[in-house]
Protein chains: 2
Amino acid sequence: MENLQVNIKIDARLYLRDPDSTALGRRIVASGIELIHSLGFEQFTFKKLGEHIGSPESSIYRYFESKHALLIYLVSWYWSWIDYKLVFATINIDDPAVKLDRAITQLLLPIEEDTSISHVNEVLLHEIVIAESSKIHHTKDVENNNEKGCFHKYKQVIERVSNIVLEVNPTFKYPHMLVSTLIEGIQQQRYFAEHLPSLTDVQHNEDAISAFYKSLVFKTVA
Amino acid sequence: MENLQVNIKIDARLYLRDPDSTALGRRIVASGIELIHSLGFEQFTFKKLGEHIGSPESSIYRYFESKHALLIYLVSWYWSWIDYKLVFATINIDDPAVKLDRAITQLLLPIEEDTSISHVNEVLLHEIVIAESSKIHHTKDVENNNEKGCFHKYKQVIERVSNIVLEVNPTFKYPHMLVSTLIEGIQQQRYFAEHLPSLTDVQHNEDAISAFYKSLVFKTVA
DNA sequence: TTTTTTATGATAGTAATACTAGTATATTTG
DNA sequence: CAAATATACTAGTATTACTATCATAAAAAA
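If you're wondering where the values come from, they're calculated on a predicted model, not measured in any experiment.

Our focus in this paragraph is the protein's contact with DNA strand C. The environment of DNA strand C is made up of 18 residues, and the closest members are A:Glu57, A:Tyr61, B:Ser55, B:Arg62 and B:Tyr63. Atoms of DNA strand C within 4 Å of the protein: sugar and phosphate make up 51%, bases the balance. A:Glu57 places a polar side-chain atom, nitrogen or oxygen, 2.7 Å from a base nitrogen of DNA strand C. A breakdown of the residues in the surface near DNA strand C according to their chemical character gives four nonpolar, seven polar and seven charged.

This is how it looks when you write it as structure tokens:
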């Protein structure tokens, strides 16, 4: 991908103070990603993050009201970034089938660090999304979070791919179900391949995941 | 289904003391289901459960080493029960396609309380599995839990349905991926329909979920 | 029936978590 | 240079997720 300077803008309701606007904020995000990745979300605390960046936890609380809010911010960032890559991958392509194929390919592509966006390590963030993002949906305050726009970027990706599905087959009845099944399925298979290989047909073999989901989507849409 | 007296046996490594063997144990399971359902897993504590059943939390810790262990026990119980129902639904059926159709139907069936198994409310348990079961996989000790057999019953269900898929099409390469995508997808769509309707094509419409997944499976396997 | 074992209850205690509050000191901005 | 704002430092709290101890009650073995 071109080395364009991109700015991922995140809905102001998802933070108390914009972490992108200060050095401390960027350190919270950058080190937050590293620590959530290495400790796992449950073992991760603002206290540990504070020690890691040499700031008191009370300073972190000025940016995010809780560690859950930080996770929601990171996951939103991720989906914004994926959405941007999807736009890029499918722009100026006329044949809907090719467009869909490219979109799926993009979703299945292994993540490389995107040097154009400095303080975020996309490789680690991607692994966080695989391992932890179910925790932002499965809480008693999903509905509130939904109203606050926490899942907006994720919906936008689903919407974008759904529309391509409809271009391929305008009579297809369940585009959102198909696309959310696809996206969640990809994440899940990657997680299983890494942590519970007995549950899948692949071991660290991204090609199998790609082959399976491409065929699944095209057969289902047809 | 017939009103047979069934006994769901759970691997002894999943508890400290068998909750099925004592009145207190059964109360822990029965009230545990109610409380996890009403509070959500993060708000649920052994202290609250103790107050609810009139026992100190230290007594509950004699049965389960943590609330996570209780959740794992409940989810294993659920998949044992589903596996039993799958066996029942597919027994003595020769045509593989019919067998697969029945298996999928069973997985998609709305849950009714099974009066033959007294102290477990299967309707609530099913909703717990939908909302909370991702929390037993997505932790830093998945691998340990996997070795302890925590996910064995779930695997058994996947294995059983995968084998039926292979009967339909012996050359199909990814039966486990298909079946786990199916099972997780069903749960996810139900969760979305209930809590995040904007992410799906259905509102409380189980028929759409059934229609979509049946067509997806048969088209993919063919 | 008595003894012994085992299960439960009652109470206490601990380290860690997820915050909140207040005040002093930098740092930035006008 | 003054005023506003951000950060650091310190302290404190309620809750959580346990663990430990000891007395008692109930069940099983003798």
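Attention now goes to helix H4 (residues 67-90) of chain A. All names here are of chain A. With 24 residues, H4 extends 35 Å from end C-alpha to end C-alpha; this agrees with the ideal 34 Å at 1.5 Å per step. For H4, the buried fraction is high: 20 of the 24 residues fall into the buried class. Directly after H4, the chain includes asparagine 92, whose backbone phi takes a positive value near 65 degrees.

Looking now at a negative patch on the surface. Where like charges cluster on the molecular surface, the negative patch consists of A:Glu127, A:Glu194, B:Asp141, B:Glu143 and B:Glu147. By the secondary structure assignment, B:Glu143 is in helix H8 (residues 142-147). A relative accessible area of 34% means that B:Glu143 is categorised as partly exposed.

All names here are of chain A. Its identity as a non-glycine residue notwithstanding, asparagine 92 has a phi of 65 degrees, on the positive side. Following the sequence through the fold, asparagine 92 ends up in the loop between H4 and helix H5 (96-108). Judged by relative accessible area, which is 74%, asparagine 92 ranks as exposed.

Surveying the vicinity of DNA strand D reveals 17 residues, the closest of which are A:Ser55, A:Arg62, A:Tyr63, B:Glu57 and B:Tyr61. Counting only the atoms of DNA strand D within 4 Å of the protein, the fraction contributed by sugar and phosphate is 57%. A:Arg62 is positioned with one of its side-chain polar atoms (N or O) 3.1 Å from a base nitrogen of DNA strand D. Here B:Lys67 contributes a side-chain N or O atom positioned 3.4 Å from a phosphate oxygen of DNA strand D. Elements supplying a minimum of two residues to the surface near DNA strand D: helix H3 (57-60) of chain A together with helix H3 (57-60) of chain B.

The rules behind the values
Residues numbered from 1 in each chain as written. Chains lettered and ligands numbered in written order. Predicted model: local features only at pLDDT ≥ 70, side-chain atom pairs only at ≥ 80, totals over all residues. Heavy atoms only, no water. Near = heavy atom within 4 Å. Polar contact = N/O pair within 3.5 Å; in protein donor to acceptor, adjacent residues only side chain to side chain. Nonpolar A, V, L, I, M, F, W, Y, C, P; charged D, E, K, R; others polar. Helix = DSSP H or I, 4+ residues; strand = E, 2+ residues; numbered from the N terminus. Expected span 1.5 Å × (residues − 1). Buried < 20%, exposed > 50% of the residue type's maximum accessible area, 1.4 Å probe, protein only. Patch = residues over 30% accessible without salt bridge, like charges linked within 9 Å, V, L, I, M, F, W, Y side chains within 5 Å. Areas by Shrake-Rupley, 256 points an atom, 1.4 Å probe, with all protein chains shown as cover. Salt bridge = Lys/Arg side-chain N within 4 Å of Asp/Glu carboxyl O. Lys, Arg positive; Asp, Glu negative; His and termini not counted. Charge placed at Lys NZ, Arg CZ, Asp CG, Glu CD.

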